[in-house]
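Commentary on secondary and tertiary structure
Residue-level listing of the chains:
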Amino acid sequence: MVSRSLALMLLLPLASMPALAGAQSGTAPSSMETSTISTAPPGRDPNQPIDVEYTKKIHEYTTESFFLSPLVDYLPASKTVPTPKAVLGDIAGARNNLPYSKEVYAYMRLLAKASPRVRVYSIGKTEEGREMIAVAVASESLLSRLDENKAKLSKLADPRTINMDDAQAAKIIDDVAPVYYITGTIHSTEAGAPTALMEMAYRLAVDESPYIQNIRNNVITLITPIVEVDGRDRMVDVYNWHMAHPNETAPNVLYWGHYVAHDNNRDAMALTLDLSRNVLDTYVGWRAMVLHDLHESVAYLYDNTIGDGPYNAWLDPLLTNEWQMFGWNNVQEMTRMGMPGVFAHGEFDTWSPGYLMFMAATHNGISRLYETFGNGGTAETMERTLPPSETARTWYKQNPPLPRVMWSLRDNNNYEETGLLVSLSYFANNRHQFLENFYQKSKRSILKAHTEGPAAYVFSAADPRVGTQADLLRVLQLQHVEISRATAPFTVNIPARKGKPKRGTSADTGSTAKSETRSFPAGSYIVRMDQPYSRIADALLDYQYWSPDDPQKSPYDDTGWTFPENFNVQSVRVVDPAVLSVPMEAVKGEISAPGGVTGSGNVFVINNNGDNALTTLRYRLKSADFQAAEDPFEAGGKSFRRGSYIVRNVSQGDLNSAAKELGVTAYAVASVPSVKMHPARAARVAILHTWTSTQTEGWWRQAFDVAHVPFSYISVQDVAKDPNLNAKYDVILFPPSGNAQSIVQGMPMWRNPMPWKKTALTPNIGLWGQTDDIRPGLGLDGVQNLQNFVSKGGVLVGVSSTADFAISYGFADGVSKNTTGRGKIVGSLLRTRIVDDASPLVYGVSDSLAVYSEDGESFSVSNTRGGRGGGRFGGGEATRATGRGTIDDPDVVQGRPKLAERNMAPVRPSVEPWQAAPVTDEQLRNPLSVIPPDQRPRVALRFTDQRDLLVSGLLDGGGDVAQKPVVVDVPVQKGHVVLFANNPIYRGETLGAYPLVFNAILNFDNLNAGRKLDDK
Ligand SMILES: [Zn+2]
């Protein structure tokens, strides 16, 4: 249909178009650049011809006239610069046209070739080797001064370079163009951004309207049209399959990036993914100020940046004001244009700094995010009906979306482009203020060491886990945080904590003094807070507290992340600025732990300190003989922990070079220490996945790739077909993936098969896992094959939902799972204790390890099949019936003699929540359900007492979680099932818990080591 605004444009003489009226009012043409241009209303320059064909198509593909704006209801023509049609064969946002990354890039490069106002930069590669780009658009004059401009921005970004001189900053601010960085389609099913950004780049380069000139002359717009490039190409594959099979059900895009799907937007803390590092490096490298990330979900445009409380506690309040300014301006301007469904505020809380956009928030810039409406990754135009909750008028959504509309990719592109151009215009007009804030925020980040504090975080050179410490410090380096290293021993004052020590890795001593001192050796690392990017360091290293009384009852994501706890590394928060005067030097180059072999002899001893590099080393030296000590021991005058490695059959040279590279210290000794030991083998590992949910397991694959631990990637369908899994694998890891029923059943078998396979039509799919039909699940054959695998000596690791699967299908007699009420624990870190330090699962693990708990799951154990366990008396919750006396008194039956000793029940031993109740003689009379002692669950790790349970995040209550088992080893005939209630490998953040999994692998055939059996 021809829309109302096109009809208007065709009818009215050009001179009466609003854009012209605005541009010409009042001021003389010579000063237009500086004053009137900034007040020019949006709309075309009547003197610039439009691309009539293209414009016609815009109106054809837009389904309602009010889904257009004066900014996008035409396309200016150019004799020299090609429109997106040159590559797409149609306009941006055209019906049924979804381009691959190579087409998007081809167009951007075409644009750069044709226009002096556009440049394309390669910003890195993805995990699968695809290129990521950034497109800069600005006036010729600005682009010709890029380096000079960047040098000025650098001074604002790091005010130390101008000695924090406000006057000098003010001069720079008058004469510099800020950078606004826009990132598209990180989420692959939210597919509209690339075409919107292609067209917007063209408009910014070509449009001569004062509104666009104002942007181009005053702002450098930087565009990464596709953040998740691997996922984009798979999305287009799935879309093409869908279009080729119009009457069939299409598979979901199972894998977006190589590792994870939606969680690629939760990686801004640990920076494990290439896309995160590439975007951050681009943002910081350009000294950009805004990072504006484009998403799709709710109708029609939600500026979610304002969001809702609680706001992240480590940000400068100036930023949170800027969110409001940008957001409400967006709502105002687009509402003025008559576009319905534009709103801000909403329910998204702004607590976690894990989102891609938050890279700007934590680096003194401005984070922004749009949710626009989309059709789930298709370019088709579809009728969409919204639920009443989305169309109701609220205080923040005065012009809500319509209950039912036809919605097109073009509509989506209209909203995205209009919102972005409105924002760019606002940014251009208020750049002075934003630059002033940028400088102030950078300055206050430096002053932080002396104002709000802390002054620094210190990482001791004496940390028992220097390897994992280096892992953590490297994350800070990736975050562009400067790190220093003490050149001499030093001492700091830290406030003393009241009461008993709570935090296992902090500096508490329980002293009642006001302050105490801590000493650190030379070589300790110091993260100074008087640097521009102090806020990201503070946000990652500090503790989080989410009050159970917070008005926000639905945390949007994790509530706690404290990196030193997650990594199991010591860090000391120092408030006293005296620490800044300690002799130190800036660290240059990537931080690594010291390593190598010392001493001489052909037996090598390596302390098990829980560093993950030990596992890497074991796989690196595959032919060497590694033995794990079952007890602590001494050798060469040094003490070694239980689980330490005795290594033979390797040359000192080979071990030395591997140990050096990996940051592992080995000691050569003359003879094998006298200690009980068993082989620590490089087990053959499989990571098992379903076809229903592949995201969470992606973090496991990522961790294994980083640690260079090889694995086979197998699906539940592979297991169903393989009756002899033991021939290929020693350990099968089954990361969280759907509930027990869906694991076995798979997807509904009605309708058509859904392939996930590399074909000519879908060349980007199935590169590391494929099937003709994703619907079938594990099936009962698969359950049987897994059970055979375990009973014949294999180890199956189940985590959260897959632990539930293992319990439900009878793999783990004596274990039951407890869930806590919703809202009590949401992505928090909880404290644990080791129950059985002889268990190989906890070799090298600290007694107070913090683990990630998504929602407070825990286990209970019992010595009988079907027993629930738990309770003070193991299976009996109540201690006594209603009757006479106090709770500890016996009831007394009236009218009969006092109970004789022989008639009294034996005193039952008290049973802790992490223990199974001892079996009774009654149960043993005919012990059908009594699990034989050597097959009973063995608890390795439990949660702490309630008062110490919360490490970081939200904990409401917790009484039903405290002291319960977290990690349980269940012997099943010759094999084992190892169950986790926490997720030990998660988002590249839980490195302190990785050893629990690696231990299961290296000790797979000796998990019973150190086990004490019940006598009955
Ligand atoms: Zn999204």
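Since the model is a prediction, treat every value here as computed from it, not as a measurement.

We now examine the overall build of the protein. Along the backbone of the protein there are 31 helices and 38 strands. On C-alpha atoms alone, the protein measures out to a radius of gyration of 31 Å, which is about the 31 Å that the 2.2 N^0.38 rule sets for 1016 residues. Projecting the C-alpha coordinates of the protein onto the three principal axes gives extents of approximately 110 × 70 × 70 Å. Within the protein, the fraction of its 1016 residues that count as buried is 61%.

With that settled, consider the pattern of salt bridges. Under the counting rule described, the total for this entry stands at 58 salt bridges. Between R987 and D263 there is a salt bridge, with its nearest N and O atoms 3.0 Å apart. Pair noted here: R987 is in the loop between β38 (975–980) and α31 (994–1002) and D263 is in the loop between α12 (229–244) and α13 (274–285), with a separation of 724 residues, a long-range link. Here the two residues R987 and D263 agree in accessibility, since each one is buried.

Attention now moves to the packing of helix α10 (residues 193–206) against helix α11 (residues 210–218). Interaxial distance between α10 and α11 falls to 8 Å at its minimum, and their mutual angle equals 90 degrees. As judged from the angle between their axes, α10 and α11 are roughly perpendicular. For the pair α10 and α11, contact is made by R203, L204, A205 and V206 and by I212, I215 and R216, respectively. Among the residues forming the contact of α10 with α11, the class breakdown is five nonpolar, no polar and two charged.

On to the coordination of the zinc ion. Distances from the zinc ion to its protein donors, H187 (ND1), E190 (OE), E190 (OE) and H295 (ND1), fall at 2.1 to 2.5 Å. Of note is the zinc ion, whose four donor atoms meet at the metal with angles of 55 to 151 degrees in an arrangement that counts as irregular. Read N to C, the donor residues that coordinate the zinc ion are spaced as H-x2-E-x104-H. Of this pair, H187 sits in the loop between β3 (179–183) and α10 while H295 sits in strand β5 (residues 290–297), and the two are 108 residues apart along the sequence. The class of H295 is buried, set by a relative accessible area of 2%.

Turning our attention to helix α9 (residues 166–173). Those residues of α9 that fall on the buried side of the exposure criterion are A169, I172 and I173. Down the axis, α9 shows its buried residues gathered within 100 degrees of arc, on one side only. The backbone nitrogen of A167 lies 3.0 Å from a side-chain oxygen of the residue at the head of α9, namely D165.

A separate point is the packing of aromatic side chains. In this description, a pair of aromatic rings is defined by centroid distance and the angle of the planes. Across all of its chains, the model carries 46 aromatic pairs by this definition. An angle of 65 degrees between the planes, with centres 5.9 Å apart, marks the rings of Y300 and F373 as edge-to-face. Placement of Y300 in the loop between β5 and β6 (301–303) and of F373 in strand β8 (residues 366–373) is noted, with a sequence separation of 73 residues between them. Look at Y300 and you get buried, because its relative accessible area is 0%. Each residue in the set F66, F67, Y300, F373, W407 and Y415 is aromatic and connected to the rest through ring pairs, giving one cluster. Its end group placed over the ring of Y100, K102 keeps NZ or CZ at 5.1 Å from the ring centre. If you follow R203 out to its NZ or CZ, it ends over the ring of Y74, 5.7 Å from the centre.

Counting buried residues along strand β35 (residues 938–943), six of its six residues qualify, which places the element largely inside the surrounding structure. Where strand β32 (residues 828–834) lies against β35, three bridges are found, and the strand directions are antiparallel. Across the sheet, R833 pairs through a bridge with R942, a residue of β35.

Cis geometry marks the peptide bond from G309 to P310; its omega dihedral reads -5 degrees. Tracing the chain through its elements places P310 in the loop between β6 and α14 (317–336). In this structure, M164 takes a positive phi of about 55 degrees despite not being glycine. Structurally, M164 is set in the loop between α8 (146–157) and α9. Given a relative accessible area of 23%, M164 falls into the partly exposed group. Located in the positive-phi region is H708, a residue other than glycine, with phi close to 55 degrees.

Relative to the assigned elements, G338 resides in the loop between α14 and β7 (342–343). Placed 97 residues apart in sequence, G338 and W241 show a C-alpha to C-alpha distance of 37 Å.

Per-chain confidence: the protein averages 93 in pLDDT, with 94% of residues scoring 70 or above. Contacts from residues 1–33, a stretch scored under 50 in pLDDT, to residues over four places away or in other chains number 41 contacts. Counting contacts from residues 870–877, a segment whose pLDDT is below 50, to residues more than four positions away or on other chains yields 19 contacts.

All right, on to α8 then. In a regular helix each residue adds 1.5 Å, so 12 residues correspond to 16 Å; α8 covers 16 Å between its end C-alpha atoms and thus fits that length. Next to the buried residues of α8 lie β1 (118–125), α7 (140–144), α9, β3, β4 (220–224) and α18 (431–447).

With that settled, consider the sheet that holds strand β12 (residues 484–486). Strand order in the open sheet formed by five strands is β17-β11-β15-β12-β18, and the pairing between neighbours is antiparallel. The open sheet has two free edges, formed respectively by β17 (572–574) and β18 (584–586), since each of these has just one partner strand. For this sheet, the mean angle separating the axes of adjacent strands, direction not counted, is 30 degrees. Across three bridges, β12 lies against β18 in antiparallel orientation. Paired with R485 across the two strands is E585, which belongs to β18. Strand contacts of helix α19 (residues 466–478): β11 (456–459) and β15 (525–528), with the helix running at about 25 degrees to β15, the strand carrying the most contacts.

Looking now at the side chain of N612. Structurally, N612 can be placed in the loop between β20 (603–606) and α22 (613–620). Setting aside chain neighbours within four positions, we find N612 in contact with T468, L991, Y994, P995 and F998.

A word on the sheet that holds strand β19 (residues 596–599). Reading across from one edge, β19-β25-β20-β24-β21-β26 is the order of the six strands in this open sheet, with mixed pairing throughout. Only two strands of the sheet have a single neighbouring strand rather than two, namely β19 and β26 (677–679). Adjacent strand axes in the sheet meet at a mean angle of 30 degrees, parallel and antiparallel pairs treated alike. Pairing analysis gives three bridges linking strand β21 (residues 625–629) to β26, with the strands arranged antiparallel. When the bridges of β26 are listed, Q627 appears paired with P679.

Rules behind the numbers
Residues numbered from 1 in each chain as written. Predicted model: local features only at pLDDT ≥ 70, side-chain atom pairs only at ≥ 80, totals over all residues. Heavy atoms only, no water. Helix = DSSP H or I, 4+ residues; strand = E, 2+ residues; numbered from the N terminus. Rg over C-alpha atoms; globule rule 2.2 N^0.38 Å. Buried < 20%, exposed > 50% of the residue type's maximum accessible area, 1.4 Å probe, protein only. Salt bridge = Lys/Arg side-chain N within 4 Å of Asp/Glu carboxyl O. Axes fitted to C-alpha atoms, helices over the stretch in contact; angles between N-to-C directions. Parallel < 35°, antiparallel > 145°, perpendicular 65-115°, else oblique. Contact = heavy atoms within 4.5 Å. Nonpolar A, V, L, I, M, F, W, Y, C, P; charged D, E, K, R; others polar. Donors = N, O, S within 2.8 Å, 3.2 Å for Na, K, Ca; no water. Tetrahedral: all angles 85-135°; square planar, octahedral: opposite > 155°, others 65-115°. Arc of directions from axis to C-beta. Polar contact = N/O pair within 3.5 Å; in protein donor to acceptor, adjacent residues only side chain to side chain. Phe/Tyr/Trp six-rings, centres within 6.5 Å; stacked < 30°, edge-to-face > 60°. Lys NZ or Arg CZ within 6 Å of the ring centre and 35° of its normal. Pairing = 2+ DSSP bridges. pLDDT = per-residue confidence, 0-100. Expected span 1.5 Å × (residues − 1).

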